Every structure is written in structure tokens, then in C-alpha cells.
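Results of the structural survey
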Amino acid sequence: MNTGQIWDYILDVSMLSILLLAATLMKRKVAFFRKNPIPVPVIAGFLGLVFGKDVLGIMVFSGVRLENLVYHLMNIGFIALSLKASQKVKNKEYVHSGMFIVSTYVVQGLLGFALSLLFFYTVFPKTFPLSGLLLPLGFGQGPGQAYSMGHQWEALGFAHGGNLGLTVAAIGYIWACAGGVALIAWLKKKKRLKTYDEIYGEPLDRPNIYDEEKPVELPLKESIDGLSLQMILIGAVYLVTYLTLKGLESVLTGMGDFGRTLAQLLWGFSFIIGAVYGMLARRILDFCHQRKWMKHSYTCNYLLERVSGVSFDFMITAAIAAVSIYMLKDHLLPILIITTAGGLVTILFIMKLAQRIYKTDTLENALAMYGMLTGTISTGIALLREVDPHFKTQAARNLVYGSGTGLAFGAPLMFLLNIPIMGYANKQPILYLVTLVAFVIYFAVLVFAMLMGTRDKKGTQDGVS
């Protein structure tokens, strides 16, 4: 990379910073944005889209550079989160929330994949048959994962796959924000669902959901800044992740076309490998600290959250700004149909299942889950604030800890997403059918486990008639 290319990246980050600053001012000063649950990075991203080359042409971004930023910022954010000291939680509702989250992914994946196959074999033969699999990634997991998967498809001959992933995620944010506001109004007016305060009155304040027990941190007298130390740990984990992927690539490329395809796919899951190494590093540090081999705990939850927060804020802004409408003109109509169907089905599924799983705080849990499962956890928290501004209910904790337990329940999903890719690469469409059947079985097991786990609970349903 020459000096000019380095400056290009610095200028891109500078322009993203300006967009985030403008979005922050709009959120504070413009009544529409102040009153509606739209996160600042989402506003900034759509500003970048409007000012970008496809619309006004005021800001000239390189789609490739923005996509590279999205990829690496996602990895850094996940590694930072995995290095955090976590609390042990035993509340069964967190486990059920994890299954709730993953079951929604499965519904989105089943619907999206079925529709993209239908379009490919009937009215839209130019549709990439796997494109519907971006629905659970873009809606449920965010732009980083959607871009990562779509970008790997480019190696299979699907042009602009990464940009399509970003487009699905951007549409998901629209469903999360605009759909969330409409959903709140409809639920409170038509279904007469009530908030916690409306049912129980003003309860005692519950503690904040973040940083309840901060670990012992590095003393200020040390010769290195605490934030620098967090970045050292993140950098070390990222290096091990890179070396692992390069090693696997060198081994797999000697195994023919199948090995080369698998090697390309593994780069798309670098954030998972990084997160696993981050959790392993966290366990090693904890063990050394418990054995008194280390005097201090050299990680700081607060600083790691700041690193992940900055990474995800810039990632979301870059992801939306990188969307290119012109590149996707051949795929735009099928994707609009898939995402519209996905948004409607997500609303219906979440509202139905939330009333069965959450016997109390139904409205708050349903809105938080809807916001996260069409956008990210930040949009889920933003919607939750509209009905539970002080986090008095359990919904915020269900969102945070449920995302953690969902990692375990969602592991098979990452495997399932690779089956149709192998089918496409090796010209074995029967694997498409195998994937659809596996989705159905996976969904049935998750829902059965949730319903069995909550069947004996007693309580009111927050005014649900």
C-alpha cells in the first residue's frame, strides 16, 4: 500500500467522522430525529448515502475502501467484546431469550432462502440463488456479517455480493427505525399493550445493565495508558486470528477446488475466530490473575466497551454509506420483495412468540427484540427506551445476555449457511433442499425447547387480550 492509498483511508475515516458529527447535531437539534428512536450511526450512514456518488456526489467514497473498513472494524469490535470480563448469569429467561433470537434468525433464513430460490427458478433467473441467506445476516446480525458473507460469494462469481449484503442491512435499519415507531403506536392503540409503569406504577430503580462489577484496573502510575493496553491485547488476538486463517488457507488450497472454496469462506468468519481467541485470552488472563501470577487485571470493561462502541459506530456508518444502488439494479426488485416479506414476517413472529415466552414485560421485550432482529442491539435499545426509558424492566438484560447465550444456540446456523454454498460451488442443488429441511428441524427444536421451558410459568401478560 503506497502513501496515497493510506491517505485515502485516513480521508475516508475523516469524512465518516464529519457524518457522525453532523448526525449527532441532528439528533440533538432536529425534533424529528430527537423524538424517534434512530441511532446516530444510522443517520450518519444515510447522510453518507445521500451525499455519496450515487446521489448528490458531494462526498466521493470508494466502495472497496469502505467495505474493507466494515470488515476490519467488525473484527476489532467483536474481539474487544470477547475480551471483556463477563458476569455469570443463571436466569432462565436469558437462555430463552437466546433461543428466541436464534429462532428468529432461522425464520428469516428459511424465508429468505426459499424466496431467492423461487425467484431464481421462476420470474427472476438473474437472482443469485443464495442471496436470500443475507436476510438473517443483514437483519439479525448487522452489516458486518452480511458484508462478510456476501463478499465471499464474489469468489463464486456473484458480482457485488458484499454490497448486496450492506444493502440488506441498510433496509433492515429502515425496518427497525420506521417500522419500530409504527409498531409502538399500533401496539399501544390497537392491541392496548401497556408498559411496565402503566401496569405496576413507579418501581424501585434497577441498576444499570452495563459495568455493574468493573474489574480491578491497571493503576494510573503504570507507564502505559490503559487504552493502549487494551489495543495491544486486541492487536495480539487479531494477529493470532490472521495467522490461523493464513495457515488454514495454505493447507486447504492444496485440497483442490473444494479446499480453495472453503478457505475463502473461512475468511468471512474471521470475526467468529477472533471472538473465540478473545474469549480464550480472557480465560488465560483470569487464570493467571487468580493464581497471583499477575498483580493486576490488565483488561478494563469500560475501555473495551468504548473500543467496540467506536468500531461499531464507524462500521454502521461506513456500511450504509457504501451501498451502491447502481451496482445492484439487477437484484434490487428481488431484494426489496425478500426484505419486505422478511420485515413483515419478523414482526408477526416476534409478537406471537413474545406473548408466549415473556409472561411479563411483553411489550418491552417484543420491541427490544424487534429492534435488534431488524437492525443491531443499538436499535433494539433505542426502541426499548421509547417504552422503558430507565430500563426498569428485564427487557434490556434479556437483550444483552440473550445475545450472549444466543452464540451457543446459533453455532449450528453458521454451519447450515455453508451447506448451500457448497451446493452452488459443486453444482449440487440437492443441498439447497437439505438446507431448507435442516432449517425447519432447527426451528422446531428451538421453539419446542422454549415452549417447554416456559409452560409452567404463571403471571399476567401485560394487558395482552
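Quantities reported herein were computed from a predicted structural model and do not represent experimental measurements.

About the criteria used
- Residues numbered from 1 in each chain as written.
- Predicted model: local features only at pLDDT ≥ 70, side-chain atom pairs only at ≥ 80, totals over all residues.
- Heavy atoms only, no water.
- Helix = DSSP H or I, 4+ residues; strand = E, 2+ residues; numbered from the N terminus.
- Buried < 20%, exposed > 50% of the residue type's maximum accessible area, 1.4 Å probe, protein only.
- Contact = heavy atoms within 4.5 Å.
- Areas by Shrake-Rupley, 256 points an atom, 1.4 Å probe, with all protein chains shown as cover.
- pLDDT = per-residue confidence, 0-100.
- Axes fitted to C-alpha atoms, helices over the stretch in contact; angles between N-to-C directions.
- Parallel < 35°, antiparallel > 145°, perpendicular 65-115°, else oblique.
- Nonpolar A, V, L, I, M, F, W, Y, C, P; charged D, E, K, R; others polar.
- Core = buried A, V, L, I, M, F, W, Y, C linked by side-chain atoms within 4.5 Å.
- Patch = residues over 30% accessible without salt bridge, like charges linked within 9 Å, V, L, I, M, F, W, Y side chains within 5 Å.
- Salt bridge = Lys/Arg side-chain N within 4 Å of Asp/Glu carboxyl O.
- Lys, Arg positive; Asp, Glu negative; His and termini not counted.
- Charge placed at Lys NZ, Arg CZ, Asp CG, Glu CD.
- Phe/Tyr/Trp six-rings, centres within 6.5 Å; stacked < 30°, edge-to-face > 60°.
- Lys NZ or Arg CZ within 6 Å of the ring centre and 35° of its normal.

1. Thoughts on the overall build of the chain
For the chain, the count of helices and strands is 19 helices and zero strands. Sorting the 465 residues of the chain into buried and exposed places 52% on the buried side. Of all intrachain contacts in the chain linking residues separated by at least 6 positions in sequence, the fraction that spans at least 24 positions is 78%. Carbon and sulfur atoms provide 66% of the accessible area of the chain, an area that totals close to 21700 Å².

2. A short note on the confidence of the model for the chain
Mean pLDDT over the chain stands at 79; residues scoring 70 or higher make up 83%. Across the chain, the secondary-structure element scoring lowest on mean pLDDT is helix 9 (residues 196-200), at 48, and the one scoring highest is helix 14 (residues 332-357), at 90. Contacts of residues 203-216 to residues separated by more than four positions or lying in other chains number 31 contacts, the stretch itself having pLDDT below 50.

3. Some details on the packing of helix 6 (residues 134-141) against helix 7 (residues 143-153)
Closest axis-to-axis distance for the helix 6/helix 7 pair is 8 Å, and the angle between their directions is 155°. One way to sum up the angle between helix 6 and helix 7 is to call them roughly antiparallel. Contacts from L134, L137, G138 and Q141 of helix 6 reach helix 7 at Q145, A146, M149, G150 and W153. For the contact of helix 6 with helix 7, a count of residues per class yields five nonpolar, four polar and no charged.

4. Regarding unusual backbone geometry
Non-glycine residue K427 carries a positive phi angle of around 55°. As for its placement among the helices and strands, K427 is situated in the loop between helix 18 (419-425) and helix 19 (430-454). Its relative accessible area of 72% is what places K427 among the exposed residues.

5. Side note on the nonpolar core
One recurring pattern in soluble globular proteins is that nonpolar side chains are buried together. In terms of nonpolar packing, the biggest core is built from 70 residues, with F100, L130, W153, M369 and L417 touching the most fellow members. Broken down by element, this core gets its largest block of residues, eleven residues, from helix 5 (residues 92-121). Leave out the neighbours within four places in its chain, and M369 touches S97, F100, I101, I350, Y358, N398 and L399. Within the second largest apolar cluster, 46 residues are counted, among which are L47, I234, I273 and A319.

6. Some points on a nonpolar patch on the surface
On the surface, I430, L433, V434, V437, I441 and V445 cluster together into a nonpolar patch covering about 540 Å² of accessible area. Counting through the fold element by element, I441 comes out in helix 19.

7. Some details on a positive patch on the surface
Together, R28, K29, R34 and K35 make up a region of like positive charge exposed at the surface. Of all the secondary-structure elements, those providing two or more residues to the positive patch are helix 1 (3-29) and helix 2 (31-35). Secondary-structure assignment places K29 in helix 1.

8. Description of the packing of aromatic side chains
If you walk through the whole model with that rule in mind, you get twelve aromatic pairs. Joined through ring pairs, the aromatic side chains of F100, F349, Y358 and F443 make up one cluster. A cation over an aromatic ring shows up here: R306 above the ring of Y302, its NZ or CZ 4.8 Å from the ring centre.

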